[in-house]
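A structural walkthrough
So the chains spell out like this:
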Amino acid sequence: MRKNSLIVKKIVTGLVCVCMVISAVACTNSGGGASSSSASSLSSGGSSDSGALEGKAGKVVNQYSGYLGYGYNTVASSLYTEEDIDASRDILDMDAMANKGLVYEVGMSQVGTSYFYADEFEDIFASIGKEKGVSGGAEFEGLLGAMGIAESKIKEYESYNSSVIMLASGVVKTKKEYISTTNAETLAGYATEDFKNFISKNSGEDILNTYGSTILTEITLGGRMDVIMMLNDSGEYTYKDIVNASEYALAASGFTPETGDVNLGAAGLTVETATKIYDYFESNSEKYAGILGGTTGNISIKDVNATIKSFATWKDTVASKPALVDASKGIPIWDVIKYISESKAQEVKAAFDAKQKAFEKKLD
């Protein structure tokens, strides 16, 4: 039962380097400012009937060796990292697609920070799921698993009367890679022989478990820092006071690009009071942290305060050591399989629906 409303805040700053393929002019950076949206999207026009993007942004990649064309299980994994991708299970022949000029990359320099506050995990599940287009917030479960938070902990926090849960995520994006067509029939024409042979010999559930539920058609490289703080008793402080105080403290530590968005006066707090409230929140919370990409150096994710304070310097190391940080855009695997075997496509979809229903039941 919801006791306090979910609070979500997102800040994005940075530059996106875009080249139109019809132009031979070199790409130049265009300025960008703070925005309330979660990301600056690339304008690529509408989709044609064939599924190819019009006005494609970026440059053509003639040889490709990344994660596009692989399968991803959005129920079992859902954190979008390379550790969740089996390099031996490619679905699409990306060499052939690159030879046909269907693979693109776009340079980026973008930093985004997201805050999610709630008194129940379910609210954060739903919010992230809606944003990523994943029913039930499967990405958040993947995040919890990667950070070592047991499923029993989710249930435990449902029993508290005055809990506060915060997820703060800082994401640095350095490059976007994508396939310029999402037409399922076209993609099926590039399916590897190994994938087609596996389909012919295995059940829908085996196909789903081996290759995943989604074929990656767009990915983002960069770095990601996640911090979760869970307080089971807010004590003498209100939910909103803890939210405002922690937001101010994290901004002051450099975790967000802008501190001017935090108006303590409007919240009825002084700097001294906000510091006192955050100290209570931080010292009495269970804390978890995780880092992808960049150079972590002496950063210890067991020391959440040090992790938060390292964000400002860590983000500058991401460009030289990027990792897969997002792959939430793709095409359902059964849509492509339909053009190889319609009956197997139906089996895979049924297996996925069953797993998804089981996941959602865990949240009830």
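Residues numbered from 1 in each chain as written. Predicted model: local features only at pLDDT ≥ 70, side-chain atom pairs only at ≥ 80, totals over all residues. Heavy atoms only, no water.

Next up on the list: the overall build of the protein. Secondary structure assignment for the protein yields twelve helices and eight strands. Counting all 364 residues of the protein, 48% fall into the buried class. In the structure as shown, the protein presents an accessible area of about 16600 Å², 47% of it carried by carbon and sulfur atoms. (Helix = DSSP H or I, 4+ residues; strand = E, 2+ residues; numbered from the N terminus. Buried < 20%, exposed > 50% of the residue type's maximum accessible area, 1.4 Å probe, protein only. Areas by Shrake-Rupley, 256 points an atom, 1.4 Å probe, with all protein chains shown as cover.)

Moving on, we come to the pattern of salt bridges. For the coordinates displayed, the defined rule picks out nine salt bridges. In this structure, Glu-282 engages Lys-287 in a salt bridge whose closest nitrogen and oxygen atoms are separated by 3.6 Å. Residue classification places Lys-287 among the partly exposed residues on the basis of a relative accessible area of 29%. The salt bridge involving Lys-349 is made with Asp-353; its shortest N-O contact spans 2.9 Å. Here Lys-349 pairs with Asp-353, and both are found in helix H12 (residues 342-363), just four residues apart, close to one helical turn. A relative accessible area of 29% places Lys-349 in the partly exposed class. (Salt bridge = Lys/Arg side-chain N within 4 Å of Asp/Glu carboxyl O.)

Once that is clear, we can look at the nonpolar core. By size, the foremost hydrophobic cluster in this structure holds 44 residues, and its most contacted members are Met-166, Leu-250, Phe-255, Tyr-278 and Phe-281. Among the nonpolar cores identified, the runner-up in size contains 40 residues, and Ala-188, Ile-215, Leu-324 and Ala-327 belong to it. (Core = buried A, V, L, I, M, F, W, Y, C linked by side-chain atoms within 4.5 Å.)

What follows is about the environment of Asp-206. Assignment of secondary structure puts Asp-206 in helix H7 (residues 204-211). When the C-alpha positions of Asp-206 and Val-348 are compared, they lie 8.4 Å apart, and in sequence the two are 142 residues distant.

Turning our eyes to something else, we now look at the pairing of strand E4 (residues 103-118). Among the 16 residues of E4, 14 are classified as buried, and the element is accordingly described as predominantly covered. As judged from the two bridges shared by strand E2 (residues 59-60) and E4, these two strands associate in the antiparallel manner. Following the sheet pairing, Lys-59 is matched in E4 by Glu-105. Note that E4 and strand E5 (residues 164-179) share 14 bridges and pair antiparallel. Directly across from Val-111, in E5, lies its bridge partner Val-172. (Pairing = 2+ DSSP bridges.)

Moving on, we get to helix H9 (residues 271-284). Helix length check: H9 (14 residues) gives 20 Å between terminal C-alpha atoms against 20 Å at 1.5 Å per residue, within 8%. Buried residues along H9 sit in contact with E5, strand E6 (214-231), helix H8 (239-252), strand E7 (286-292) and helix H10 (304-314). (Expected span 1.5 Å × (residues − 1). Contact = heavy atoms within 4.5 Å.)

Turning our attention to the packing of H8 against H9. Interhelical geometry of H8 versus H9 gives an angle of 100 degrees and a closest axis separation of 8 Å. Accordingly, the angle class assigned to the pair H8 and H9 is roughly perpendicular. Contact residues: Asp-241, Ile-242, Ala-245, Ser-246, Tyr-248, Ala-249 and Leu-250 in H8; Val-271, Ala-274, Ile-277, Tyr-278 and Phe-281 in H9. For the contact of H8 with H9, the per-class residue count stands at ten nonpolar, one polar and one charged. (Axes fitted to C-alpha atoms, helices over the stretch in contact; angles between N-to-C directions. Parallel < 35°, antiparallel > 145°, perpendicular 65-115°, else oblique. Nonpolar A, V, L, I, M, F, W, Y, C, P; charged D, E, K, R; others polar.)

Close reading of the predicted structure is inappropriate where its pLDDT is low. Overall, the prediction assigns the protein a mean pLDDT of 77, with 71% of residues at 70 or greater. Residue range residues 16-55 is modelled with pLDDT below 50. Its contacts to residues more than four positions away, or to other chains, number 72 contacts. (pLDDT = per-residue confidence, 0-100.)

This brings us to the environment of Ile-337. Relative to the elements of secondary structure, Ile-337 occurs in helix H11 (residues 333-337). In the structure, Ile-337 is positioned 153 residues away from Ala-184 in sequence and 8.5 Å away in space, judged by C-alpha atoms. Residues in contact with Ile-337, not counting those within four places in the same chain, are Phe-195, Ile-199, Ile-207, Glu-342, Lys-344, Ala-345 and Val-348.

Quick look at the packing of aromatic side chains now. Within the structure shown, the criterion is met by eight aromatic pairs. Considering the side-chain rings of Phe-198 and Tyr-211, the 5.3 Å spacing of their centres and the 75 degrees angle between planes classify their relative orientation as edge-to-face. With Phe-198 in helix H6 (residues 193-201) and Tyr-211 in helix H7, this pair connects stretches of sequence that are 13 residues apart. The exposure class of Phe-198 is buried, given its relative accessible area of 15%. When the ring of Tyr-278 is compared with that of Phe-281, the centres are 6.5 Å apart and the planes differ by 70 degrees; the resulting orientation is edge-to-face. Remark: Phe-281 and Tyr-278 occur in helix H9; sequence separation between them is three residues, near one turn of the helix. Following the ring pairs from residue to residue traces out a cluster consisting of Phe-195, Phe-198 and Tyr-211. (Phe/Tyr/Trp six-rings, centres within 6.5 Å; stacked < 30°, edge-to-face > 60°.)

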